[in-house]
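# Observations on the three-dimensional arrangement
Residue-level listing of the chains:
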Amino acid sequence: FWFVLAGLVVAALIAGLIADAFVGLRRQEPTYAGLMETRQRLQRCTATLSVILVAAIGATSWLQRSLEAAAVGSYPREIVFSYGLYFTALLLVVYLPATAEFYRAAGWLVDAKFPMPEFDKDQAEKRGALQEELGITKTDALQAAVATLSPIIGAVLSMALGKD
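For clarity, every value in this text was computed on a predicted model and none was experimentally measured.

### Description of the environment of Val156
Looking at the secondary structure, you find Val156 in helix α6 (residues 150-161). Judged by its relative accessible area of 43%, Val156 falls in the partly exposed class. Counting along the chain gives 71 residues from Val156 to Leu85, while the straight-line C-alpha distance between them is 9.7 Å.

### Quick look at the pattern of salt bridges
Scanning the model with the defined rule gives four salt bridges in all. A salt bridge links Arg41 to Glu37; the nearest nitrogen and oxygen atoms lie 3.8 Å apart. You can see Arg41 and its partner Glu37 sitting in helix α2 (residues 32-70), four residues apart, about one turn around the helix. Judged by relative accessible area, Arg41 falls into the partly exposed class, the value being 24%. Overall, the relative accessible area of 46% leaves Glu37 in the partly exposed class. For the salt bridge of Arg104 with Glu101, the shortest nitrogen-to-oxygen distance reads 2.6 Å. Residue Arg104 and its partner Glu101 are located together in helix α3 (residues 78-113), separated by three residues, close to a single helical turn. Relative accessible area serves as the criterion here: at 39%, Arg104 is assigned to the partly exposed category.

### Considerations on the packing of α3 against helix α4 (residues 121-134)
Interaxial distance between α3 and α4 falls to 10 Å at its minimum, and their mutual angle equals 155°. As judged from the angle between their axes, α3 and α4 are roughly antiparallel. Seen along the crossing, α3 lies across α4 with a hand that is right-handed. Contacts between α3 and α4 pair Phe102, Ala106, Leu109, Val110, Asp111 and Lys113 from the former with Arg127, Leu130, Gln131 and Leu134 from the latter. Looking at the contact of α3 with α4 residue by residue, the classes come out as six nonpolar, one polar and three charged.

### Thoughts on the side chain of Ser150
With respect to the helices and strands, the residue Ser150 is situated in helix α6. Once you skip the residues sitting within four places of it in the chain, Ser150 turns out to touch Ser50 and Val54.

### Overview of a nonpolar patch on the surface
A surface patch of nonpolar side chains, about 600 Å² in accessible area, is lined by Leu142, Val146, Leu149, Ile153, Leu157 and Leu161. Top contributing element to the nonpolar patch by residue count: α6, with three residues. Its location among the elements puts Leu157 in helix α6. On the basis of relative accessible area, Leu157 is assigned to the partly exposed category, the value being 48%.

### Description of helix α5 (residues 138-148)
It helps to recall that an α-helix has 3.6 residues per turn; residues three or four apart then point in one direction. Buried within α5 are the following residues: Asp140, Ala144 and Thr148. The buried side chains of α5 occupy one side of the element, clustering within an arc of 75° when seen end-on. The exposed residues of α5 that point more than 90 degrees off its buried face are Lys138, Thr139, Leu142 and Gln143. Against α2, α3, α4 and α6 lie the buried residues of α5.

### Re the packing of aromatic side chains
If you walk through the whole model with that rule in mind, you get two aromatic pairs. For the ring pair Phe102 and Tyr103, a centre distance of 6.3 Å and an interplane angle of 80° mean the geometry is edge-to-face.

### Section: α6
Counted at 1.5 Å a residue, the expected span for α6 with its 12 residues is 16 Å, and the 16 Å between its end C-alpha atoms agrees. For α6, every residue scored as buried is listed here: Ser150, Pro151, Ile152, Gly154, Ala155, Ser158 and Met159. For α6, the secondary structure elements touched by its buried residues are α2, α3 and α5.

Each value, and the rule that gives it
- Residues numbered from 1 in each chain as written.
- Predicted model: local features only at pLDDT ≥ 70, side-chain atom pairs only at ≥ 80, totals over all residues.
- Heavy atoms only, no water.
- Helix = DSSP H or I, 4+ residues; strand = E, 2+ residues; numbered from the N terminus.
- Buried < 20%, exposed > 50% of the residue type's maximum accessible area, 1.4 Å probe, protein only.
- Salt bridge = Lys/Arg side-chain N within 4 Å of Asp/Glu carboxyl O.
- Axes fitted to C-alpha atoms, helices over the stretch in contact; angles between N-to-C directions.
- Parallel < 35°, antiparallel > 145°, perpendicular 65-115°, else oblique.
- Left-handed = near helix turned anticlockwise from the far one by under 90°.
- Contact = heavy atoms within 4.5 Å.
- Nonpolar A, V, L, I, M, F, W, Y, C, P; charged D, E, K, R; others polar.
- Patch = residues over 30% accessible without salt bridge, like charges linked within 9 Å, V, L, I, M, F, W, Y side chains within 5 Å.
- Areas by Shrake-Rupley, 256 points an atom, 1.4 Å probe, with all protein chains shown as cover.
- Arc of directions from axis to C-beta.
- Phe/Tyr/Trp six-rings, centres within 6.5 Å; stacked < 30°, edge-to-face > 60°.
- Expected span 1.5 Å × (residues − 1).

Have a look at this one:
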């Protein structure tokens, strides 16, 4: 229960920080500097939230193994996986809307600087470089997906390492 409550509180705080970063993107035209600052803030918030949630899942796993070893009580092993799934869902609820807004704003900036139908090879390279700088490439999306799924990955690893 306490882990669930702690997860909700932490997720709400970090969701507030992420929302604050995106208020400016909705009110005005996105700028390169503003997008870079927003990207850094989003990465810091996601990394912080992921570490906190993985630590909470690790503590749950440790508690489950300690209770089993001491034969004090029963604590189902599946609860660790359930917490991982729950916290991953929380992270997705916070992260997906923020990421979608960032990609929308960054895409708008890239399209404004280098329109698709009218560019040559030089402009295509500049467009690709700008997309890479802003962090809206497929590699960046994969890294973000791994970070977002870290609670469930941590739960699965914790369960696998805790087997007899």
